[in-house]
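Structural features, examined
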Amino acid sequence: MSEERRLDVLRAIVEDYVRTREPVGSRILTERHQLGVSPATVRNDMAALEEAGLIAQPHTSAGRIPTDKGYRLFVDQLAEVRPLTVPQKRAIETFLSEAVDLDDVVARAGRLIAQLTGQVAVVQYPSLRRSGLRHLELVPTAEGRLLVVVITDTGRVEQRFLDVPVDLDDGTLGELRARLNAATAGRRLADIGDAFAGVAEAMPPEHRPLATAVAEVVTTALSEESEERIVLTGQANLARSGMRFEQGLRPVLEALEEQVVLLGLLTDMTDDAGVAVSIGHENRLAGLAETSVVTSGYGSSDGDTVAILSSIGPTRMDYPGTIAAVRAVARYLSRVLPS
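This text gives an overview of the structure that appears in the document. Everything numeric in this text was worked out from a predicted model, so none of it was measured. (Residues numbered from 1 in each chain as written. Predicted model: local features only at pLDDT ≥ 70, side-chain atom pairs only at ≥ 80, totals over all residues. Heavy atoms only, no water.)

Regarding the overall build of the protein
A tally of regular secondary structure across the protein gives twelve helices and ten strands. At a minimum sequence separation of 6, the contacts of the protein that also span at least 24 residues come to 59%. About 16500 Å² of surface is accessible on the protein, with carbon and sulfur atoms providing 49% of the total. (Helix = DSSP H or I, 4+ residues; strand = E, 2+ residues; numbered from the N terminus. Contact = heavy atoms within 4.5 Å. Areas by Shrake-Rupley, 256 points an atom, 1.4 Å probe, with all protein chains shown as cover.)

Focus: the sheet that holds strand 7 (residues 230-233)
Taken together, five strands build an open sheet; the order of strands is 7-3-10-9-8 and the sheet is antiparallel. The open sheet has two free edges, formed respectively by strand 7 and strand 8 (276-279), since each of these has just one partner strand. Strand after strand, the sheet turns through a mean of 15° between neighbouring axes, direction not considered. As defined by bridge partners, strand 8 adjoins strand 9 (residues 291-299) across four bridges and the pair is classed as antiparallel. Pairing of Val277 across the sheet is with Val294, part of strand 9. (Pairing = 2+ DSSP bridges. Axes fitted to C-alpha atoms, helices over the stretch in contact; angles between N-to-C directions.)

A word on the sheet that holds strand 5 (residues 145-152)
One open sheet accounts for three strands, arranged 4-5-6; its pairing is antiparallel. Each edge of the sheet is formed by a strand with only one pairing partner; in this case those strands are strand 4 (133-142) and strand 6 (157-163). On average, each strand axis in the sheet is tilted by 20° relative to the strand beside it, whichever way the strands run. As paired strands, strand 5 and strand 6 are joined by seven bridges and run antiparallel to one another. Bridging across to strand 6, Val148 finds its partner in Arg160.

Remarks on the environment of Ser292
Here Ser292 shows up in strand 9. With a relative accessible area of 0%, Ser292 lands in the buried category. Sequence separation between Ser292 and Ser278 is 14 residues; the distance between their C-alpha atoms is 5.6 Å. Leave out the neighbours within four places in its chain, and Ser292 touches Ser278, Ile279, Gly280, Asn283, Ser311, Ile312, Gly313, Pro314, Thr315, Met317 and Tyr319. Here the side chain of Ser292 touches Tyr319 through a polar contact of 2.7 Å, side chain to side chain. (Buried < 20%, exposed > 50% of the residue type's maximum accessible area, 1.4 Å probe, protein only. Polar contact = N/O pair within 3.5 Å; in protein donor to acceptor, adjacent residues only side chain to side chain.)

A word on unusual backbone geometry
With phi around 60°, Arg21 is a residue other than glycine that occupies positive phi space. Here Arg21 lies in the loop between helix 1 (2-20) and helix 2 (26-32). The exposure class of Arg21 is partly exposed, given its relative accessible area of 32%.

Focus on the pattern of salt bridges
Inspection of every chain in the model, using the stated rule, returns 18 salt bridges. We note a salt bridge from Asp8 to Arg11, for which the minimum N-O separation is 2.7 Å. Here the residue Asp8 and the residue Arg11 both occupy positions in helix 1, the gap between them amounting to three residues, near one helical turn. The class of Arg11 is partly exposed, set by a relative accessible area of 29%. Here Glu50 makes a salt bridge to Arg64, at a shortest N to O gap of 2.9 Å. Of this pair, Glu50 sits in helix 3 (residues 39-51) while Arg64 sits in the loop between strand 1 (55-56) and strand 2 (65-66); the two residues are 14 residues apart in sequence, bridging distant segments of the chain. (Salt bridge = Lys/Arg side-chain N within 4 Å of Asp/Glu carboxyl O.)

With respect to the packing of helix 7 (residues 170-184) against helix 8 (residues 192-202)
It is the contact of helix 7 with helix 8, at a shortest axis distance of 9 Å, that shows an interaxial angle of 145°. Between helix 7 and helix 8 lies a crossing of right-handed hand. Taken together, the residues of helix 8 that come into contact with helix 7 (itself represented by Leu176, Arg179, Leu180, Ala183 and Thr184) are Ile192, Ala195, Phe196, Val199 and Ala202. By residue class, the composition of the contact of helix 7 with helix 8 is eight nonpolar, one polar and one charged. (Left-handed = near helix turned anticlockwise from the far one by under 90°. Nonpolar A, V, L, I, M, F, W, Y, C, P; charged D, E, K, R; others polar.)

Considering the environment of Arg145
Within the secondary structure, Arg145 is located in strand 5. Between the C-alpha atoms of Arg145 and Phe161, which are 16 residues apart in sequence, the distance is 6.9 Å. Leave out the neighbours within four places in its chain, and Arg145 touches Val139, Pro140, Phe161, Leu162, Asp163 and Val164. For Arg145, the side chain forms a polar contact with the side chain of Asp163, separated by 2.8 Å.

Section: the side chain of Thr117
With respect to the helices and strands, Thr117 occurs in helix 6 (residues 102-117). Exposure remark for Thr117: the relative accessible area of 16% places this residue in the buried category. A distance of 2.7 Å separates the side chain of Thr117 from the backbone oxygen of Ile113, its partner in a polar contact. Among the polar contacts listed, one links the side chain of Thr117 to the side chain of Ser311, at a separation of 3.3 Å. Other than its neighbours up to four places away in sequence, Thr117 contacts Ser311, Thr322 and Ala325.

What follows is the structure, given as structure tokens:
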């Protein structure tokens, strides 16, 4: 029973500290929360929590604040995540469904998370390495010139021009287009090389060089665009008076600029089962030692995870609210991605 009560005391300290940004004392706890015990008992529970390293006394005052370990236990013990309101859910779905292209989808998702949490949002573009080929189009644009258009199943579009030595009749071009799409549709982009080779071998000898040239253009274009891209939104939120960092804001901003390392951290965190949370010193980026990171994967309609999105804020964050926002945007983002 005492363990349950101490968890209740820890939960109350976290909730009060997140809301007020002030150390929490035993008298305040008994006044604000129905703990069912005396202030003396609460003081004993707080002493036990402090001995366990779950709360700490930042100054000589009687108030206590959660430690990284305390936040971790609080998050692990969350029985349920606060659901978003019906208007919030409707606003998310409407806002994302109105996007005109993939760039707009990613930008809108970042703005949504930043607005819902009041923190920094990080949204990764769908990874080409984990995307599939939806359609390949070959469009003659001028004599001896061909436009090759690659469309992935996550909505990314790449276009390249190809010089061809001879004019192509509609029949030959149509056959090549049909063969390439039949062989590569639905395949992961990393696996289309063998499919292209098979198509080239099946073409008449006089058209094999063209099929090979198209394959090279496509693979080159995709390799050029293989660098993972992320969008950061809401950095200005970090400057709000409520977000105090003991080491200052600069280390956090510098860590956010290390986008390759940041993306690696978020990728390692991603949990296929849902939302993952990394707290304070659990983050391997030193600049994020005073922050918490809430991350979820999102994917196409077939359920595959193709990218990630996150919210980054101080360890003194509204964990239930942030988790709910990230989870909701990830789900809706998966629904509006092209299938």
